[in-house]
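Listed here are the chains, written in short residue letters.
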Amino acid sequence: MDLLEAIRKRKTTNTPFRPERISDEHKRLLIEAAARAPSHFNSQPWRFIVIEDRERIAQIADIAGDSMKRLMDDGAFVARYRRYFRFDARESIAAGSGIYVDNVPAALRPMVRLVFSEPVGSLLSKFGVSTILGNDQRNIVRSAPMLLAITLDRQEYRPGELSGLYASITLGAVIQTLWLVTTALNIGMQFISTPLEVAANKARIVALLKIPEAHELVAIFRMGYKDPNAARNTIDWTSNQRKPFTELAHYNDWETPLPEPLASARSLLWGDGEAPAEP
Ligand SMILES: Cc1cc2nc3c(=O)[nH]c(=O)nc-3n(C[C@H](O)[C@H](O)[C@H](O)COP(=O)(O)O)c2cc1C
């Protein structure tokens, strides 16, 4: 697969994977490729934990499910992320960002907007949404053949300081490399952020993975070979849309829009009619 094809095809996979383990060659390639990422002064502050032990994956799955439910029940998730939720295709296209919640059980559909916009989390429990999302999260993590945790050396990762920014930049480069290489190998990849958002649950995972004090757990992913026939989650979303090219970039200074012919230059990423279906 060439680079542009991998960039075109890279997507979050939030559906179940095929059950087989990722081959050792592929695991090695993923870590070696990720470690080619640039880092400030070649500091290489990231470490990776490849998790295939079923018992440990099950424990992390329970923690992830519990985290999702808790974040929903106390309203933290909706309060934090409400502005990213879209509930109809037109709204999603107009915004060019966020996630479009397009798969919702029929019984919930009439009130989904209300449920996700309500700052008081109790509504979410009332309609059973937090339980559905918590169960989905647990099941999807539990069934993954592999989880990958990434840590950053705290000597480099000092939030609020320049080195904190630099460590975050190199982490981003590592993650994008992983995402493109997994795409080339037909491996799906999904961020599992919720356990890192509940301090007590993050601590449980740090203990479970025996991460030393000198390193900070910064990301967890689930990975596995893609299953084209996988069923969608009970409540699910898509995020194909992107902001227009001319909104994303400026020319020479912030106040100057991209001039012609650059503004309407032909896309080399998407051929005619090849852009992702909207939304
Ligand atoms: C820092 C970060 C955290 C994310 N956390 C989650 C997550 O917890 N669950 C999830 O399914 N996707 C997560 N994502 C994926 C984004 O939702 C996704 O990249 C975005 O909607 C665009 O979709 P795409 O990756 O399919 O292009 C995260 C992405 C980033 C960069």
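Source: prediction; values computed, not measured. (Residues numbered from 1 in each chain as written. Predicted model: local features only at pLDDT ≥ 70, side-chain atom pairs only at ≥ 80, totals over all residues. Heavy atoms only, no water.)

**Student:** Looking at this model, I keep getting lost on the site of the ligand. Mind explaining?
**Tutor:** Taken together, Arg10, Lys11, Thr12, Ile99, Gln190, Phe191, Ser193, Trp237, Ser239 and Arg242 make up the full set of residues near the ligand. Contact distances for the ligand include 2.8 Å between an oxygen atom and a side-chain N or O atom of threonine 12. At 2.7 Å, a side-chain N or O of serine 193 approaches a nitrogen atom of the ligand. Protein chains bury 65% of the 620 Å² of accessible surface belonging to the ligand in isolation. The residue inventory of the shell around the ligand, partitioned by class, reads three nonpolar, four polar and three charged. (Near = heavy atom within 4 Å. Polar contact = N/O pair within 3.5 Å; in protein donor to acceptor, adjacent residues only side chain to side chain. Areas by Shrake-Rupley, 256 points an atom, 1.4 Å probe, with all protein chains shown as cover. Nonpolar A, V, L, I, M, F, W, Y, C, P; charged D, E, K, R; others polar.)

**Student:** Looking at this structure, I do not really get the domain arrangement of the protein chain. What am I missing?
**Tutor:** Interface size, as often reported, equals the accessible area lost upon joining of the parts. Partitioning the protein chain into domains gives domain 1 (3–241) and domain 2 (245–279). Computed from C-alpha coordinates alone, the two centres of domain 1 and domain 2 are separated by 29 Å. Counting from both sides, the interface comprises ten residues of domain 1 and, opposite them, eight residues of domain 2. Here domain 1 meets domain 2 over a buried area of about 730 Å², counting both sides, of which 69% is carbon and sulfur. Contact with domain 2 buries area across many residues of domain 1, yet Arg8, Ile93 and Asn240 alone supply 62% of it, more than any other trio. (Domains from an automatic or database assignment. Contact = heavy atoms within 4.5 Å. Buried area = accessible area lost by both parts, 1.4 Å probe.)

**Student:** Would you explain the packing of aromatic side chains in this entry?
**Tutor:** Aromatic rings in a pair are described by how distant their centres are and how their planes are angled relative to each other. As enumerated under the stated definition, the model contains eight aromatic pairs in all. Considering the side-chain rings of tryptophan 46 and phenylalanine 48, the 6.2 Å spacing of their centres and the 45 degrees angle between planes classify their relative orientation as tilted. Accessibility assignment for this pair places tryptophan 46 and phenylalanine 48 in one class, buried. Geometrically, the ring pair formed by tyrosine 81 and tyrosine 84 is tilted, given 6.3 Å between the ring centres and 35 degrees between the ring planes. A connected cluster of aromatic rings, assembled from ring pairs, spans Phe77, Tyr81, Tyr84, Phe85 and Phe87. Its end group placed over the ring of tryptophan 179, arginine 10 keeps NZ or CZ at 5.0 Å from the ring centre. (Phe/Tyr/Trp six-rings, centres within 6.5 Å; stacked < 30°, edge-to-face > 60°. Buried < 20%, exposed > 50% of the residue type's maximum accessible area, 1.4 Å probe, protein only. Lys NZ or Arg CZ within 6 Å of the ring centre and 35° of its normal.)

**Student:** I keep staring at helix H2 (residues 24–34) and nothing clicks. Help me out?
**Tutor:** Count 3.6 residues to each turn of an α-helix, and residues three or four apart come out pointing the same way. Buried within H2 are the following residues: Lys27, Leu30, Ala33 and Ala34. Seen along its axis, H2 keeps its buried residues to an arc of 140 degrees; they face one direction. When the buried face of H2 is taken as reference, the exposed residues oriented beyond 90 degrees from it are Asp24, Glu25 and Arg28. (Helix = DSSP H or I, 4+ residues; strand = E, 2+ residues; numbered from the N terminus. Arc of directions from axis to C-beta.)

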